[in-house]
Structure formats: structure tokens, C-alpha cells
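What follows is each chain in one-letter form.
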Amino acid sequence: MTGSASDLAHRLGDHAEAVCREYLSNGHRSGNHWIVGDVRNTRGRSMHVRLKANAKGPAGKWVDEQSGEHGDLLDVIEASCDLTDFREVADEARRFLAMPRSRLQSQTLGAQRQPAAARGSPDAARRLFAMSQPIAGTLAERYVAGRGILLSTRELALRFHPACYYRDFVTGETRTLPALIAAVSGLDGRITGLQRTWLDPAGNGKARVADPRRSLGHLLGNGIWLGFQPGTPVPVMAAGEGFETMASLRTVMPALPVAAATSANHLAGLIFPHGCTRLYIAADADAAGRQGIERLSQRAGEAGILALVLQPRLGDFNDDLRQLGPARLVAWLRGQLIPDDARLFLPSG
């Protein structure tokens, strides 16, 4: 641990109970320990945090008797807030320590406080998105371009994080990897979740991990929106499961608003924007994808929206874009769009 980290951990230990009340709010005090389920603030009794220094060690040290994990209060802040690198953890620790001493004391005495952002919550998603940067000139831009996808710099849903935490759910090991961050938003434009795509640091596509793509936050009804302005009527749009699929359609039809719902179940529950009269649904090959399309088509019909399914020639529209090229993809789509939409959204030719 660096000197800076050691100093922060020691200062947090001086207010160990206040830290626990802030970040481990599902626990309780028992003697000289704070008892909770685990470092991610789960209800339970297996994790013990030492509140005052004694012969066994300094305040703030903890151990999870079930998992064998152990650490200090910086680890508590990292895990309970779903933070992604030490800079974020340190910033949050300094924010906490900057509170007036009277407020820290009131927490220690049990005063009610607004809880920290829950792990995997919309607040955690918004925090991670804010900590990320525009994709221009980053590995995220290189990854997207490598998929044949060309998007305007005005697409604000995409960002890049150079050191996003990845946890292996089998081994429990964590490490940091660069990641493409895609915001999942509601129709009001407010971020409700996000999707992380971990990238190979050498620039060779996705990271070589078991599960390189994960989502968090509130996803149902919302989507990764490209080309959508909140509050603006959207008479014609396209929707599908995957970001790459929908970004590929957006590449050849840059004037068409699209939404990626991140999964078949979430696609089925996508909320339609105001003024929508026609919905193109990007097909997926698997059975779950077909069920999502059928359910979304049914809901669209009930809302008075004409739903039309777009079929790729290969596995998906990103395969079409990369292997067939933009011109052949445009030609393939031209026969599937309503003629007026083809003239409006596809390049002439």
C-alpha cells in the first residue's frame, strides 16, 4: 500500500464506526465490531470490522469469515460504492473525511444519513460514467472503428475508462482493464445504467476474460440511445439487443435514431418515445432474441406503432457491415425498409 493509501486508511480508522454507518448501512454494531454480510454491504453476519484499535490490530481492519476476504476501510469504500480505480476510492475517502467533525460524531452516535450509492445502482452507473472520458483518441474509439462502426462525435452515450475494475466471479480475483462505457438512459435522457465492454490493452478487440461485457443499473424499459434527443418526437426508429448491432445500422443510416436494449428480455420491455409510428426491430439469431422481437412487436401493435423486422444476411448487422461492407449492407436494407424511409435514411444509389 502506498503512503497516501496508508494515511487515508489510518484516518478512516479514526472514524471507523462512522465509515461503517455510511458505507455498510445494512450492518450493526456489536461490541467493538461492526457486523455485516460482506464488503459489498449485503445483509448478514459473516464480516466483522474492528471499530477501535486493540491488541489484535488497528481500527478499520476487517475479515469476512465466510469468504476469507480481509482488508481495510478503503476496500470497504471501493466495494460498497462499486468504484473502479484507486483515484476514485481516494477521492471518495477524502470527501468523507472532509465532513465537519460534528457530523462525523453524529454518525458515530447513530444519526440517520443518506446511504452511499448502492453497488450496481443507477447512482453507481452515473458515477462511473462521470469518471470516464470521451472516446476520441482512445482504445474505445479504436475498438469501435475495428468493428467497422463510424459514429459522430456528438454521440454522447459512449465514453472510455482506462482502468475499469473487472471481477472474475469464479476466482474472485479483480484487476483493472480499459473499457468502453455505454450509457443506458430513459427517454428523459437521465442515465439509469450502463454497459461495460472490457478491452484488450493491446488494442486487439475485447479483453481476454470470461465475461468481457456486463451491465449494471436499471435497464428494463431503457436503452443505449444513439441519435436521440430527449423530449423530441421520434416518428421512426430502430431497436435491437446489442450495441454493435444498432451502431452498425446507425453507421449506414446516420439520421435514424436507434436504441440498444442490451438483452432480449430488455428489448421486449423497451419504452417507446413520444410520436413513434414506425419501429424497425433488428433481428437476432437465437431463440431468446426471437421471443424479445415477438413481444416488442406485440407491444408496438398495441400502442398503434407499425413494427417491421430487419433481417441480417449473416449472423447480425455488425457481421454484415464488417464482412459485406457498407454499400452491400445498404443495398440489403433498401429492400426491407418502407420506400419513404429508404429515401429518407439510406444514401442514394
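Before reading further, recall that the structure is shown in the block above.
Just so you know, these numbers come straight off a predicted model, no measurement behind them.

A. Representation of the overall build of the protein chain. Within the protein chain, the secondary structure is distributed over 13 helices and 14 strands. Viewed in the frame of its principal axes, the protein chain has a C-alpha envelope of about 80 × 45 × 35 Å. Counting every position in the protein chain, which comprises 349 residues, the buried fraction comes to 51%. Intrachain contacts of the protein chain at a sequence separation of at least 6 include 57% that bridge at least 24 residues. Taken together, the 41 basic and 35 acidic charged side chains of the protein chain have centroids lying 3 Å from each other.

B. Molecular detail of the sheet that holds strand β6 (residues 158-167). Sheet architecture is open: four strands sit in the order β6-β7-β8-β9, paired in antiparallel fashion. One side of each edge strand has no neighbouring strand; the edge strands of this open sheet are β6 and β9 (213-217). Here the strands of the sheet are splayed against their neighbours by 35 degrees on average, with no regard to which way each runs. Sheet topology places strand β7 (residues 174-185) next to strand β8 (residues 191-198); seven bridges connect them, and they run antiparallel. Across the sheet, the residue bridging to Ser 185 is Ile 191, located in β8. Across the face of the sheet, helix α7 (residues 139-146) comes into contact with β6, β7, β8 and β9 while running at roughly 65 degrees to β7.

C. Here's a closer look at the nonpolar core. One finds Leu 180, Phe 243, Leu 249, Met 253, Leu 333 and Leu 337 to be the most contacted residues of the largest nonpolar core, which totals 38 residues. Among the elements that make up this core, the one with the highest residue count is helix α8 (residues 243-252) (five residues). Excluding anything up to four places from it in sequence, Leu 249 contacts Ala 282, Leu 310, Phe 317 and Leu 333. Judged by nonpolar contacts, the second largest core, of 30 residues, contains Met 47, Val 76, Ala 79 and Phe 96.

D. Molecular detail of the packing of aromatic side chains. Overall, the coordinates contain two aromatic pairs when judged by the stated rule. Here Tyr 166 and Trp 198 contribute two aromatic rings whose centre-to-centre distance is 4.9 Å and whose plane-to-plane angle is 80 degrees, an arrangement assigned as edge-to-face. Within this pair, whereas Tyr 166 is found in strand β6, its partner Trp 198 is found in strand β8, the two being separated by 32 residues in sequence. Of the residues examined, Tyr 166 reaches a relative accessible area of 4% and is grouped as buried. The buried category is assigned to Trp 198, whose relative accessible area is 1%. Its guanidinium or amino end placed over the ring of Phe 129, Arg 159 lies 5.2 Å from that ring's centre, counting from NZ or CZ.

E. Representation of the environment of Thr 192 within the structure. Mapping Thr 192 onto the fold places it in strand β8. Thr 192 sits 70 residues away from Pro 122 along the chain, and the two C-alpha atoms are 4.7 Å apart. When sequence neighbours within four positions are dropped, the list of residues in contact with Thr 192 reads Pro 122, Arg 126, Val 184, Ser 185, Gly 186, Gly 217, His 218 and Asn 222. From its side chain, Thr 192 meets the backbone oxygen of His 218 in a polar contact 2.7 Å long.

F. Broad picture of the packing of helix α3 (residues 73-80) against helix α4 (residues 86-97). Contact pair α3 / α4: the axes reach a minimum separation of 9 Å and the direction vectors enclose 105 degrees. When the axes of α3 and α4 are compared, the pair comes out roughly perpendicular. Contacts between α3 and α4 involve Leu 74, Ile 77 and Glu 78 from the first element and Phe 86, Val 89, Glu 92 and Ala 93 from the second. By residue class, the composition of the contact of α3 with α4 is five nonpolar, no polar and two charged.

What counts, and where the lines are drawn
- Residues numbered from 1 in each chain as written.
- Predicted model: local features only at pLDDT ≥ 70, side-chain atom pairs only at ≥ 80, totals over all residues.
- Heavy atoms only, no water.
- Helix = DSSP H or I, 4+ residues; strand = E, 2+ residues; numbered from the N terminus.
- Buried < 20%, exposed > 50% of the residue type's maximum accessible area, 1.4 Å probe, protein only.
- Contact = heavy atoms within 4.5 Å.
- Lys, Arg positive; Asp, Glu negative; His and termini not counted.
- Charge placed at Lys NZ, Arg CZ, Asp CG, Glu CD.
- Pairing = 2+ DSSP bridges.
- Axes fitted to C-alpha atoms, helices over the stretch in contact; angles between N-to-C directions.
- Core = buried A, V, L, I, M, F, W, Y, C linked by side-chain atoms within 4.5 Å.
- Phe/Tyr/Trp six-rings, centres within 6.5 Å; stacked < 30°, edge-to-face > 60°.
- Lys NZ or Arg CZ within 6 Å of the ring centre and 35° of its normal.
- Polar contact = N/O pair within 3.5 Å; in protein donor to acceptor, adjacent residues only side chain to side chain.
- Parallel < 35°, antiparallel > 145°, perpendicular 65-115°, else oblique.
- Nonpolar A, V, L, I, M, F, W, Y, C, P; charged D, E, K, R; others polar.

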